[in-house]
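Listed below are the residues making up each chain.
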Amino acid sequence: MANETKQIKETTFENTKLNVVPLNWKEVYYTNCPLVSASNVDEGLGLTKKEYKKIGVKYAFIRSTPLNDWYPHYIHNLDNLIRFGGLFPPVEVHADIRRTRLLGVTQMPAEGGVMMVRAKDDIYRMCELKGKKIGISKSMNKIKNDWWRIQEHQGIELMLRMNGMTMKDIDLVEFPYADDWYNDPAMLTATMELAIDLWLKRDHKHDLAFRPLETALEKGIIDAMYVQSVPLQQLVEDTGKFTAIEDLSRYPDWRLQIANIPAAITCTDVMAEEHPELAVTFMKGMIRTGRWANENKHAAAEILDQQTFYRDIEHTYRGIRDVDLVPNLSLLNLAAVEAGKNFMLSHGYIKNDFDVKKWAAPEFLEQAARELLDEEWKKKTTSKLPQTAGSLASGGRNG
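Just so it is clear, the model here is predicted, and its values are computed rather than measured. (Residues numbered from 1 in each chain as written. Predicted model: local features only at pLDDT ≥ 70, side-chain atom pairs only at ≥ 80, totals over all residues. Heavy atoms only, no water.)

A.B. asks: Help me understand the sheet that holds strand β10 (residues 242-247) in this model?
C.D. replies: What links the strands of a sheet is backbone hydrogen bonding, and the strands pair in either a parallel or an antiparallel sense. Across the sheet, three strands lie side by side as β9-β6-β10; this open sheet has antiparallel pairing. What marks the edges here is a single partner per strand, and that holds for β9 (225-227) and β10. Between one strand axis and the next, the sheet turns by 40° as a mean value, whatever way the strands run. Here three bridges tie strand β6 (residues 114-118) to β9, and the two strands are oriented antiparallel to one another. Across the sheet, residue M115 finds its bridge partner in β9, namely Y226. (Pairing = 2+ DSSP bridges. Helix = DSSP H or I, 4+ residues; strand = E, 2+ residues; numbered from the N terminus. Axes fitted to C-alpha atoms, helices over the stretch in contact; angles between N-to-C directions.)

Here is the structure:
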């Protein structure tokens, strides 16, 4: 494996000071990734915040206070935090850092990634990459999960395999980078009321920080690069300089679509055991938001367009049209989580194995759904009965 850059200083627990707000169980913080999720739709609705208000708990974005740096998003070092984001960081957290609960997931059914080459090059098939250079990034931050590299590594291996090749057939060129901004004072000067505030401050759809190997490909340092998803493919191809020669989303095999997804909802074991009502309340908000999004896909697309990498609102709508935005813990999606975890374990990205089915905590999703159903039952029957209807679980009769 070649290395195209000079030695870069590593960021470690030993040389880094982490900052988190003092623990207060009357506060719940959330964090999410710029991907398709009910949490990101809720940025424009505020339904989850209303659920927490009902129980007298403050619900806020992790960076709404200057006391939190960005690291809890990756290592979950905040007991009263709930994360909804890419799969690989929470897998590493549960395996190697601390115990969490998997509350739900959302899967994008066809976003395994693509292989990009320069449009001017005479390369049209994967087999024509034999002996050529494919880039792969490497974070020098040892505190957080290197999710970008993991999905590149996984995607490259899968594309090669689907074309009768292995890593031995290509020259993998490594591009280390510092990845050290998570507690940089310059990145912590402004607080943010919502997660969406971060993306409103930058043109993330055209920011090459989210396409780290594109410059190397354009300059000819490498001959091909993996791109995470169809939305990013469109943005890269819009330059007219690049084209995709392989697309995992075109295969029927769901095992090829695990590029840092399914998006996972996790809370700490401390929250789950000591304050389960906080996890249930979050899931109530996600169910409400997911149902709204499923019924109003164009409106949801307008919200998500501000935070994701789809080209525009209509492109976002086409991307989410067939996606169920209500989080679940289906057997199929848990199998997808298992596949992602197994890749990380077999390739040394996590040290310890664990049982995904034991990690999953469906009781919180179930309780949230029950409470929502009960609330709806009471609301619909109160106006038709002489007294407020009893709980559905009561099994009794009125009158």
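A.B. asks: Would you explain a positive patch on the surface in this entry?
C.D. replies: There is a patch of like positive charges on the surface, built from K49, K50, K53 and K58. For the positive patch, the element with the highest residue contribution is helix α2 (residues 47-54), accounting for three residues. Within the secondary structure, K53 sits in helix α2. When its relative accessible area of 61% is taken as the criterion, K53 is described as exposed. (Patch = residues over 30% accessible without salt bridge, like charges linked within 9 Å, V, L, I, M, F, W, Y side chains within 5 Å. Areas by Shrake-Rupley, 256 points an atom, 1.4 Å probe, with all protein chains shown as cover. Salt bridge = Lys/Arg side-chain N within 4 Å of Asp/Glu carboxyl O. Lys, Arg positive; Asp, Glu negative; His and termini not counted. Charge placed at Lys NZ, Arg CZ, Asp CG, Glu CD. Buried < 20%, exposed > 50% of the residue type's maximum accessible area, 1.4 Å probe, protein only.)

A.B. asks: Sorry, what's going on with the pairing of strand β4 (residues 81-85) here?
C.D. replies: Strand residues, when the strand is regular, have side chains that alternate between the two faces of the sheet. Among the five residues in β4, five count as buried, and that is most of the element. Every second residue of β4 is oriented toward a common face, with L81, R83 and G85 on one face and I82 and F84 on the other, all of them buried. With four bridges joining them, strand β2 (residues 27-32) and β4 adopt parallel strand pairing. Counted as the bridge partner of T31 is R83 from β4. Bridge count between β4 and strand β11 (residues 263-268): four bridges; the pairing is antiparallel. Residue G85 lies in a different strand from β11, and its bridge partner there is A264.

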